[in-house]
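Okay, here's what each chain looks like letter by letter:
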Amino acid sequence: MEENKNTSYNSYQEEEEKNTWLPVIIKAWNIFIAHWPWFLLSVIVCTFLAYLYQAQLPRIYQRTSTFLIKDDSGKGKYRGTQNSNIDALMALNGISVGNNLQNEIFVLQSHRLLSKVVHELNLNVSYQVNEGLQTVSLYKESPIKVTFFAEADDPQVFDIEIKSAESYRIHNIKIDDEAVSYDKAAKFGQPIKTPMGAIIVEKNNETFADYLKSTIKVTHRNEVDATLHFGKNIKASLADKESTLINIECRDTNAERADDILACLLEMYKKDIIDDKNRMATSADRFLNQRIQLIGSDLSSAENQMATFKENNKILNFDSNAELFLKQSDNARNNSIQLQSEKNVAEFLRDYLRQTDGKYEAVPSLGIINNQGITDNIAKYNELVLAYNRLSKNASEASPVVRETLDQLKTMHTVISKSLDSHIEATDLKLKQALAIEKGLLSSISSVPQKEKSASEIERQRMIKESIYVYLLNKREEVALQLAVTEANVTTVDTPFGKALPVSPKSIYILFGGFILGLLIPSAIFWLRITIDTKIRNRKEI
């Protein structure tokens, strides 16, 4: 019974609340019907203002790239995830374990890496042009390129008005938001002095005709400020907690520039990894080059030392030189023997002539004397001896013929004796020279082993230097090959991509907001008028 009463009471209360809101809704509807032109006007005005607001906002495009970090074996398994069981055990014991993938994400967003991208793409200089209410960022499609010869300490902004195909006007210069009085016309491709320093403005022939008579707004920052500016729009994150895929997003007012930023960032990241891997190889290469230069100098010195040694000792080859020395020694010995024999024979003949002086006997012709004059004189002397002996048998010594022959014998005897004395002296001199030569050759032969020993020591040092030199050259080739084939353990999964439409501003939301605001403004005004209106206009209001 009591439950039925409670149910009836709740139903009555809900009915009472409906009856309370119903007059309000009806009243609001009546106000809208009565003043719909104002509502319509407010909606149109607010929606139009919302359109103007979103039209002048810069269009932001979002590009995304995905890449895979692999381990050293080439698999999609990062080295930081291989010891997950150990990491979990350490975490249970209260030990914090870092995630190496988070480290790579930090590196991708680091100022150092982004500054390389800014420098590579020349992002410290940007170009803009007004198209209606909107300011459009230009990149490769910019009709001009401005080259600055000085770094910008503060942000520099100025306008370049393209007057013709040959000239332009530079004005509206602001340095650190402070206006600078400067207005000058110049020709493309020629350097010009400005408050920002010397600059050169060049044409981009591919797009120049599309922007003739247009005004291009140029912004010049230093690379640090440009890095901070573009770094705010780059975000890296894990694609999935269970994978080693990393997504990089870049938001920019120019879609092509965002693509280039992501592509260049990935290339710089890969180069950074390769440089890190090659750091030890580079150090080894530098060390090898230094040692090769040093060992090469030592090897050249050893080769020069061997060449000097052979030149000073007149040696081409130790084996051939030894044979040559032996042959020369044999020849010198034979020559000495021959000269000694010749000298002995000459002395014998001289002694014989002295012993037979006045006897006039025939002198033996031994033929070993290398003197044709003495040999001929001996032959003549022997003929005279034979003639004298024949005449002395048939005539007395007082015979004129015998006496004449005897005088000739005496004269020839004296001539032969003197000739032999001269020949003995000459032969003795030749013999001394021959003996000296023989002694020198014997000395040279005896010194060959010592010279060969000295040369062997020089050759051994040269061969050691040469083997070290060849080894270092081979190691340098190995290091060079390692440097050439080193690759980053990063694979691009998705090149930069994104929607052709901008992700910001959200025009539909802004217009819808303007529409709602157009309804709320008159509603609030009329509701406020009704609220403060205390007059009673009919009996129903009592």
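Residues numbered from 1 in each chain as written. Predicted model: local features only at pLDDT ≥ 70, side-chain atom pairs only at ≥ 80, totals over all residues. Heavy atoms only, no water.

1. What about the nonpolar core?
One broad rule of soluble globular proteins: the nonpolar side chains tend to lie buried together. If you look at the biggest cluster of nonpolar residues, it comprises 29 residues, and the most contacted ones within it are F67, V117, L123, I246, I248, I261 and Y269. Look past the residues within four positions of L123 in its chain and what remains in contact with it is V117, V118, Y139, A226, F230, R257 and I261. Membership of the second largest hydrophobic core comes to 24 residues, among which are F148, I160, I162 and V201. (Core = buried A, V, L, I, M, F, W, Y, C linked by side-chain atoms within 4.5 Å. Buried < 20%, exposed > 50% of the residue type's maximum accessible area, 1.4 Å probe, protein only. Contact = heavy atoms within 4.5 Å.)

2. Let's talk about the sheet that holds strand β1 (residues 61-69)
Here we have four strands laid out as an open sheet, ordered β12-β13-β1-β14, and antiparallel in their pairing. What marks the edges here is a single partner per strand, and that holds for β12 (234-238) and β14 (490-497). When the angles between neighbouring strand axes are averaged without regard to direction, this sheet yields 20°. Taken together, the five bridges between β1 and β14 define a ladder with antiparallel strand orientation. Counterpart to T66 in the pairing with β14 is D494. The sheet strands contacting helix α7 (residues 255-277) are β1, β12, β13 (245-252) and β14, and the helix crosses β1 at an angle near 20°. (Pairing = 2+ DSSP bridges. Helix = DSSP H or I, 4+ residues; strand = E, 2+ residues; numbered from the N terminus. Axes fitted to C-alpha atoms, helices over the stretch in contact; angles between N-to-C directions.)

3. Section: the packing of aromatic side chains
A ring pair, where both rings are aromatic, is described by two values, the distance of the centres and the angle of the planes. Summed over all chains, the structure comprises four aromatic pairs. A ring pair is formed by F67 and Y269, whose centres lie 5.8 Å apart and whose planes are at 50°; its orientation type is tilted. Here F67 is found in strand β1, whereas its partner Y269 is found in helix α7, with 202 residues between them in sequence. By the burial criterion, F67 is buried, and Y269 matches it. For the pair F188 and F208, a centre-to-centre distance of 5.4 Å together with 90° between the ring planes defines the contact as edge-to-face. Here F188, found in the loop between β8 (184-187) and β9 (191-194), pairs with F208, found in the loop between β10 (197-203) and β11 (215-220); they are 20 residues apart in sequence, far enough to count as distant. Taking the relative accessible area as the measure of exposure, F208 reaches 8% and is therefore buried. (Phe/Tyr/Trp six-rings, centres within 6.5 Å; stacked < 30°, edge-to-face > 60°.)

4. Description of helix α5 (residues 111-121)
When α5 is considered as a whole, its buried residues turn out to be L113, L114, V117, V118 and L121. One side of α5 carries all its buried residues, which in axial view fall inside an arc of 145°. Residues of α5 that are exposed and point over 90 degrees away from its buried face: H119 and E120. Looking one or two places after α5, you find N122, whose phi comes out positive at around 55°. (Arc of directions from axis to C-beta.)

5. A short note on the sheet that holds β9
Judged by pairing direction, the sheet is antiparallel, and its three strands sit side by side in the order β4-β10-β9 without closing on themselves. The sheet is open, and its two edges are formed by β4 (144-148) and β9, each paired on a single side. Strand-to-strand, the axes of this sheet are offset by a mean angle of 35°, without reference to chain direction. The pairing of β9 with β10 spans four bridges and is antiparallel. In the strand pairing of β10, I192 is matched with I199.

6. Points about the confidence of the model for the chain
Caution applies to low-pLDDT parts of the model: their predicted coordinates are not meant to be read in detail. When pLDDT is averaged across the chain, the result is 77; 71% of the residues are at 70 or more. Overall, residues 78-84 carries pLDDT values under 50, and its contacts beyond four positions in sequence, including any with other chains, amount to 13 contacts. Predicted confidence is poor over residues 86-98, with pLDDT under 50, and the contacts of this stretch with residues over four places away or in other chains come to five contacts. (pLDDT = per-residue confidence, 0-100.)

7. Quick look at unusual backbone geometry
Note that the residue after S504, namely P505, is joined by a cis bond; omega there is 0°. The topology assignment puts P505 in the loop between β14 and α12 (507-532). Even without being a glycine, D176 presents a positive backbone phi close to 55°. Mapped onto the elements, D176 comes out in the loop between β6 (167-175) and β7 (178-180).

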